[in-house]
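An overview of the molecular structure
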Amino acid sequence: NIGVEYLTVYAFSTENWKRPQDEVKTIMKLLDRYLKEAISTMERDKIKMKVLGDVSGLSPELQALVEETNRISQKYEGFQANICLNYGGRAEIVEAARRYAAELAAGNAGELNEESFSSYMYCAGIPDPDLMIRPGGEKRISNFLLWQCAYSEFYFTDVLWPDFTTDELDKAIAEY
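These remarks concern the structure in this document. (Residues numbered from 1 in each chain as written. Predicted model: local features only at pLDDT ≥ 70, side-chain atom pairs only at ≥ 80, totals over all residues. Heavy atoms only, no water.)

1. Focus: the packing of aromatic side chains
Counted according to the given criterion, the structure contains nine aromatic pairs. Measuring from ring centre to ring centre gives 5.9 Å for Trp161 and Phe164, while their planes differ by 20 degrees; the resulting arrangement is stacked. Residue classification places Trp161 among the exposed residues on the basis of a relative accessible area of 56%. Here the aromatic cluster, defined as three or more aromatic residues joined through ring pairs, consists of Tyr10, Tyr87, Tyr122 and Phe144. (Phe/Tyr/Trp six-rings, centres within 6.5 Å; stacked < 30°, edge-to-face > 60°. Buried < 20%, exposed > 50% of the residue type's maximum accessible area, 1.4 Å probe, protein only.)

2. Details of the pattern of salt bridges
Following the criterion strictly, the structure yields 10 salt bridges and no others. A salt bridge links Arg33 to Glu37; the nearest nitrogen and oxygen atoms lie 3.7 Å apart. One end of the pair, Arg33, and the other, Glu37, are both in helix H1 (residues 21-45), four residues apart, so they sit about a helical turn from each other. Taking relative accessible area as the criterion, Arg33 reaches 51% and is therefore assigned exposed. Residue classification places Glu37 among the partly exposed residues on the basis of a relative accessible area of 43%. The salt bridge partner of Glu138 is Arg140, with a shortest N-O separation of 3.3 Å. (Salt bridge = Lys/Arg side-chain N within 4 Å of Asp/Glu carboxyl O. Helix = DSSP H or I, 4+ residues; strand = E, 2+ residues; numbered from the N terminus.)

3. Considering unusual backbone geometry
Although it is not a glycine, Asn86 adopts a positive phi angle of roughly 50 degrees. In this structure, Asn86 sits in strand S3 (residues 80-87). Here Asn86 falls in the buried class, since its relative accessible area comes to 8%. Despite not being glycine, Asn143 has its phi angle at roughly 65 degrees, a positive value. Residue position: Asn143 is located in the loop between strand S4 (131-134) and strand S5 (153-156).

4. Overview of the state of the cysteines
Here a disulfide denotes one covalent bond, and it connects the sulfur atoms of two cysteines. Counted by the stated rule, this structure contains zero disulfides. Cysteine Cys84 shares no disulfide, and the gap to the nearest cysteine sulfur, in Cys123, comes to 6.0 Å. Sulfur of Cys149: no disulfide; nearest cysteine sulfur belongs to Cys123 and is 11 Å away. Residue classification places Cys149 among the buried positions, given a relative accessible area of 7%. (Disulfide = S-S within 2.5 Å.)

5. Here we look at the sheet that holds strand S1 (residues 6-13)
Here three strands make up an open sheet; going across it, the order is S1-S3-S2 and the pairing parallel. A strand with exactly one partner marks an edge of an open sheet, and here the two such strands are S1 and strand S2 (48-52). Going from strand to strand, the sheet's axes swing by 20 degrees on average, the running direction of each strand aside. Alignment of S1 against S3, held across seven bridges, turns out to be parallel. Its bridge partner being in S3, Ser13 is matched across the sheet by Tyr87. (Pairing = 2+ DSSP bridges. Axes fitted to C-alpha atoms, helices over the stretch in contact; angles between N-to-C directions.)

Structure (structure tokens):
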């Protein structure tokens, strides 16, 4: 409603696999429920959604839900929600380097520069974020969008993510 075209959230990091198994199972159940809710919201509100990260480590059920969001997203233009699942900024950079190296070895890679390298990232085609909001009182970026946040403004708040409301978003944007 306020003109934001892209929103990217960090739902599950590559490091989250190191959490206790019961906690990971609970998070996966929440992701399953969230993706199912998101699918109905996408259809109703005509929202695009892109999952960023290595989804091959997710369950077949979650992978199928990700595929469903991809299928729905192809029908719409406009606002795009990006969900980082099994994502790490360092892992993304390494994977981009591997993709470039494979194309180079195959003789299909052009000149390497910042712009061309960005095309190998999970976030290819998505503008770098203008504003990074870090809820929960932490003063770190936790391996999130390392390449993309080079020129982002940062907003840190003690408000926990579950309590982050539109009023909190308004505060962050006002400060930005």
